[in-house]
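# Breakdown of the fold
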Amino acid sequence: MRAPQAASSRFTSAPYVLVAPLALVLVVFFGIPLVLVVVVSFFDLDKFDIIPTFVLTNYSELLSSPLTYTLYAKTIKYALIVWAITLVIGFTVSYFLVFHVRSILWQMGLFLLCTVPFWTSNVIRMISWIPLLGRHGLLNQSLIALGLADHPLEFLLFSDFSVVIAYVHLFSLFMIVPIFNSMARIERAVIEAAVDGGASRFRVITDIVIPLSRTGIALGSIFVIALVMGDFFVVKVMSGGQSASVVAAMSNEIAILQYPPAAANAVCLLTIVTLMVAVIMRVVDVRRELSG
Amino acid sequence: MAQAGEIELRHITKRFDQTLAVDDISLTIPHGSYCCLLGPSGCGKTTILRMIAGHEAPTSGDIRLGGESVVGLPPARRGTAMMFQNYALFPHLNVLDNVAFNLKMRGVRRAERHERAREMLAQVQLDRRFSERMPAQLSGGQQQRVALSRALITKPRVLLLDEPLSALDEFLRLQMRGELRRMQRELGITFVHVTHTQLEAIAVADLVVVMDQGRIEQAASAHEIYTLPASAYVARFMGGQNVLTGTVVTIDGGVATLVDGSGARFATPVKSPAPAVGQEIACCVRRDRVDIEKLRGPSPSPGEATNVAAGTVHAIEYQGSYVKVTIDVLESEQVVAHLADHAFLATPLDIGDAVLARWATEDVYLLTGDLTHPPTGVRPGPLQGRESRSRNL
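## Considering the overall build of chain B
- From N to C terminus, chain B includes 10 helices and 20 strands.
- Seen along its three principal axes, the alpha-carbon backbone of chain B occupies a region of about 80 × 45 × 35 Å.
- Split into buried and exposed, the 393 residues of chain B put 50% on the buried side.
- Approximately 17600 Å² of chain B is accessible, and the part contributed by carbon and sulfur atoms is 50%.
- The centroid of the 42 positive side-chain charges in chain B is displaced by 11 Å from the centroid of its 43 negative side-chain charges.

## Focus: the interface of chain A and chain B
- Opposite the 16 residues of chain A that make contact, chain B presents 20 residues.
- Three residues stand out in chain A for area buried against chain B, namely Glu-192, Asp-196 and Gly-197 of chain A, and they jointly supply 36% of the buried area on that side.
- The interface formed by chain A and chain B includes two salt bridges.
- Between Arg-50 of chain B and Glu-192 of chain A there is a salt bridge, and its shortest N-O distance comes to 2.7 Å.
- For the interface between chain A and chain B, the tally reads six residue pairs in polar contact (both at pLDDT 80 or more).
- Breaking the side of chain A that touches chain B down by element, the ones donating at least two residues are helix H9 (188-196) and helix H10 (201-212) of chain A.
- In terms of residue count, the dominant contributor to the side of chain A that touches chain B is H9 of chain A (seven residues).
- The residue makeup of the side of chain A that touches chain B, split by class, is nine nonpolar, two polar and five charged.

## Things to note about the packing of helix H13 (residues 246-255) of chain A against helix H14 (residues 259-283) of chain A
Residues and elements named next belong to chain A.
- The N-to-C vectors of H13 and H14 enclose an angle of 160°; their axes lie 8 Å apart at closest approach. As summarised for this structure, H13 and H14 are arranged roughly antiparallel, according to the angle between their axes. Between H13 and H14 the crossing geometry is left-handed. Here Val-246, Val-247, Met-250, Glu-253 and Ile-254 of H13 come into contact with H14, specifically with Tyr-259, Pro-261, Ala-262, Asn-265, Ala-266 and Leu-269.

## Looking at the packing of aromatic side chains
- Evaluation of the coordinates by the stated rule reveals 16 aromatic pairs over all chains.
- Seen from their ring centres, Tyr-95 of chain A and Phe-99 of chain A are 5.0 Å apart, and the 50° between their planes marks the pair as tilted. Highlighted residues: Tyr-95 of chain A and Phe-99 of chain A, both in helix H3 (residues 66-100), separated by four residues, approximately one helical turn.
- For Tyr-95 of chain A, a relative accessible area of 15% gives the class buried.
- Their ring planes at 10° and their centres at 5.7 Å tell us that Tyr-233 of chain B and Phe-237 of chain B sit as a pair that is stacked. With Tyr-233 of chain B and Phe-237 of chain B both in helix H8 (residues 232-238) and four residues apart, the pair spans about one turn of that helix. The pair formed by Tyr-233 of chain B and Phe-237 of chain B is uniform in burial state, with each residue classed as buried.
- Sitting over the ring of Phe-118 of chain A, Arg-125 of chain A keeps its end group 5.0 Å from the ring centre.
- Of note, Arg-150 of chain B hangs over the ring of Phe-90 of chain B, and the distance from its end group to the ring centre comes to 4.6 Å.

## Points about the nonpolar core
- Formed by 103 residues in total, the largest nonpolar core has its most connected members in Tyr-167, Met-183, Ile-208 and Val-209 of chain A together with Leu-9 and Ile-48 of chain B.
- For this core, the leading source of residues is helix H8 (residues 160-184) of chain A, giving 13 residues.
- Not counting chain neighbours up to four residues away, the residues in contact with Ile-208 of chain A comprise Val-190, Ile-191, Ala-194 and Arg-203 of chain A together with Phe-90, His-92 and Phe-101 of chain B.

## Structural notes on the domain arrangement of chain B
- Along its sequence, chain B is carved into domain 1 (7-227) and domain 2 (242-367).
- Using only C-alpha atoms to locate each centre, domain 1 of chain B and domain 2 of chain B end up separated by 40 Å.

## Focus: the sheet that holds strand E17 (residues 322-329) of chain B
Residues and elements named next belong to chain B.
- Judged by pairing direction, the sheet is antiparallel, and its five strands sit side by side in the order E15-E19-E16-E17-E18 without closing on themselves. With one partner strand each, in any of the chains shown, strand E15 (291-294) and strand E18 (335-340) form the two edges of the open sheet. The sheet shows a mean angle of 45° between the axes of neighbouring strands, taken without regard to direction.
- Alignment of E17 against E18, held across six bridges, turns out to be antiparallel. Opposite Tyr-322, over in E18, you have Ala-340 as the bridge partner.

## Here we look at the packing of H8 of chain A against helix H11 (residues 214-229) of chain A
Residues and elements named next belong to chain A.
- Two elements in contact, H8 and H11, have axes separated by 7 Å at closest approach and are oriented at 160°. With respect to each other, H8 and H11 are oriented roughly antiparallel. Once H8 is placed against H11, the crossing between them reads as right-handed. Mapping the contact onto sequence places Tyr-167, Phe-171, Phe-174, Met-175, Pro-178, Ile-179 and Ser-182 in H8 and Gly-216, Ile-217, Leu-219, Gly-220, Ser-221, Phe-223, Val-224, Leu-227 and Val-228 in H11.
- Split by residue class, the contact of H8 with H11 holds 12 nonpolar, four polar and no charged.

Reading the values: rules and limits
Residues numbered from 1 in each chain as written. Chains lettered and ligands numbered in written order. Predicted model: local features only at pLDDT ≥ 70, side-chain atom pairs only at ≥ 80, totals over all residues. Heavy atoms only, no water. Helix = DSSP H or I, 4+ residues; strand = E, 2+ residues; numbered from the N terminus. Buried < 20%, exposed > 50% of the residue type's maximum accessible area, 1.4 Å probe, protein only. Areas by Shrake-Rupley, 256 points an atom, 1.4 Å probe, with all protein chains shown as cover. Lys, Arg positive; Asp, Glu negative; His and termini not counted. Charge placed at Lys NZ, Arg CZ, Asp CG, Glu CD. Contact = heavy atoms within 4.5 Å. Buried area = accessible area lost by both parts, 1.4 Å probe. Salt bridge = Lys/Arg side-chain N within 4 Å of Asp/Glu carboxyl O. Polar contact = N/O pair within 3.5 Å; in protein donor to acceptor, adjacent residues only side chain to side chain. Nonpolar A, V, L, I, M, F, W, Y, C, P; charged D, E, K, R; others polar. Axes fitted to C-alpha atoms, helices over the stretch in contact; angles between N-to-C directions. Parallel < 35°, antiparallel > 145°, perpendicular 65-115°, else oblique. Left-handed = near helix turned anticlockwise from the far one by under 90°. Phe/Tyr/Trp six-rings, centres within 6.5 Å; stacked < 30°, edge-to-face > 60°. Lys NZ or Arg CZ within 6 Å of the ring centre and 35° of its normal. Core = buried A, V, L, I, M, F, W, Y, C linked by side-chain atoms within 4.5 Å. Domains from an automatic or database assignment. Pairing = 2+ DSSP bridges.

In structure tokens, the structure reads:
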């Protein structure tokens, strides 16, 4: 009787042992920093000294400042615009790759092509927009040379327009990959069955392809929204310092060593992004579809 | 004027790149009949089905439904409906919406299409309580009923079934094939059913089309295919026959005698035009018309008697109502006999026994057609079937 008992007790501890490395990594690199941020957000600030106590002034100041709402509105606006554009691009590119590119070789080749923007550093990618979109950039010069504009278009660079362009450039792949992945799993026979039943190409997309790629759409949306909401660098460079985001404000606070207000701001941002993700998860049961 | 559900294939050829999938086929399937396309994997049967459905276009030739050419028409405008292998149910829709899908595409209002879907599900005897379930929550048999309802809801004139029973277990397979036949009778429409299982085809079909390598070997009733095969290929593929080959030595009174490589003599009735002396011919004798007796004494020399094969028992398989005995014959094809169980039990045999198999001349049937034709893939396994499907996609 002893042997099976020993075996069964070893069996029950096995899952915990297996999950331990990941749990450890999460606790050390995610759990502890998060708790620290939350704790610090309640600390008080005196000149440049951080006083470990429990006050709500960081939050009350944050929530009473009109600047906070402007920044959040601006950041959410960026997130929604970029989300809409990358969704259209991600869906279209995936649809083309999955349903129109017949050979696997071409499919993989074109897929790799989508990752080209990631072959260089973030900074270089953004700086490379400047000679293209700048006042005397390629685009403006071409437009003037073609007679389509009589003076350089100002909105091309250091504007909301250029910020959105940079975001779309950076984050489209995060939409393409998950949508491609879920679209590729749609059985061809299911599409044929819909065509057999009289579905037009458009109805196949609306009634079959979109519902069956919703996991990928949800995952891509989470990626893009979280990335845009958490960015300060792109906004800073591409708006030429004329626009800001929540995280840019945070980075300013950190730069002048105002850690508690920055922490409070971070907790607020985290809450809002978590809520947005929760809404997406509510619409699409990502967990169920990933396991199925 | 052809009736609505008549299917006519005129010199259909289909190439995929360099491979010839269907090679100049002509066939007429009468309105309201149950037709089975039967053949090993890769013989082109699924391609034919998909061309009738409109999911594949023929390289050349014409397809006529009810007397009108449908080449180039989209599937939904042909009046056909297809039931896919593994059913291809919409995984994100519940049973009712799956069945109602084709009506939704035709702009039928929600309440009405659900009502008709419920009627359809009742007709295929799927319980009402399943109508809210998702396809993944159904058993294979239930999925099949849903797929059948979905295909039939638009009242097609032709139902095309691609290996409809291959995903089911043996018991359900027998039950569902009976039900398919019953549905076909009830609806009075044309069914075209693709299968690689001989017994399935002869059990349900009015018209069995035996195919090999993109060509039709024989298209006839099940009984005719089974008892009067057109070629050695069909006889071997259907499996109920022993094929005998040899050279004609004499023709006398409508009976030809032939001698095979080992010197054994066989006799077969011939009709005019009779084969010439010296010609290679093939004939067949049904397995259940072969008698087996234990050899007592020395083995007779080949050619001593006619329609006798001497050999040793290779395998004995009990089949319930009969016993299948396979005999190794020296320098010749194996002979298989189906013995009635009581006859077998009266004189039991054992593996390795020396036996004589004999049959009557009138039970021998002369085969025409190509003798050199190799019997490819006589018993394709389920894996081979899958292979052909993925290639056809």
